[in-house]
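# Chain and residue survey
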Amino acid sequence: KEPRMLNSYDPTTTIEGLDEAYNALMDAARTLRDAFFIEAKAQLDGSLTHVPIVISIRKNPGNSTSINWSRMLVSKGASKGAAKPFPRVIPRKAGKGNRVYHYPVDQFRFLTPNLRRLVLGYEAKLAAIREHSSALLEERRRILALAARIDNVLEQCEDIKNRVTL
């Protein structure tokens, strides 16, 4: 009996594994976000009414998720007690086309020394999550592109086989 030629390659299992790893990293980021807020709130001194910096996690179009630090600002002219702070994302200062996974220390110069130390401790963990989640998404794209190329080659081979009928 002649060996049967595959006519497609299914990367589903591999992609599902990558997606599970990515989701685990995003769950870890959400846990860090919540833990940071609790720790930062505990460090507030009498002069501050809100945590001046938070971790923002936002799902982007496609598969990616942004994990950023956001400075909490109060609108100018608003009364101190009634004003609700709003987040403003702090940029990572990446040049065009350059991937930067960590924030420079000077982006946190507006914080008190104790809060800055706390932020830098969390930032090291978030930078690792950003880097590894980006690598997982890149690997996912690469595998899907490879699967498409494999399918194309297998289709061409199948066409030849059908034309020649071995």
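So, here is what we can say about the structure in this document. (Residues numbered from 1 in each chain as written. Predicted model: local features only at pLDDT ≥ 70, side-chain atom pairs only at ≥ 80, totals over all residues. Heavy atoms only, no water.)

### Remarks on the pattern of salt bridges
- The final tally for this structure, using the stated rule, is seven salt bridges.
- Between Arg 130 and Glu 123 there is a salt bridge, with its nearest N and O atoms 2.9 Å apart.
- The buried category is assigned to Arg 130, whose relative accessible area is 6%.
- Salt-bridge contacts for Arg 142 lead to Glu 139; the nearest nitrogen and oxygen are separated by 2.5 Å. Of this pair, Arg 142 and Glu 139 both sit in helix H2 (residues 113-164), separated by three residues, roughly a single helical turn.
- The exposure class assigned to Arg 142 is partly exposed, which follows from its relative accessible area of 45%. (Salt bridge = Lys/Arg side-chain N within 4 Å of Asp/Glu carboxyl O. Buried < 20%, exposed > 50% of the residue type's maximum accessible area, 1.4 Å probe, protein only. Helix = DSSP H or I, 4+ residues; strand = E, 2+ residues; numbered from the N terminus.)

### Focus: the environment of Phe 108
- Along the chain, Phe 108 falls in the loop between strand S3 (86-89) and H2.
- Sequence spacing of Phe 108 and Arg 71 is 37 residues, and the spatial spacing of their C-alpha atoms is 9.3 Å.
- Beyond its immediate sequence surroundings of up to four residues, Phe 108 is in contact with Ile 53, Trp 69, Tyr 103, Arg 116, Val 119 and Leu 120. (Contact = heavy atoms within 4.5 Å.)

### Considerations on the side chain of Arg 130
- Summarising the element assignment, Arg 130 is placed in helix H2.
- A distance of 2.9 Å separates polar atoms of two side chains, one belonging to Arg 130 and the other to Glu 123.
- With residues up to four places along the chain from it excluded, the contact list for Arg 130 reads Ile 67, Asn 68, Trp 69, Arg 92, Tyr 101, His 102, Tyr 103 and Glu 123. (Polar contact = N/O pair within 3.5 Å; in protein donor to acceptor, adjacent residues only side chain to side chain.)

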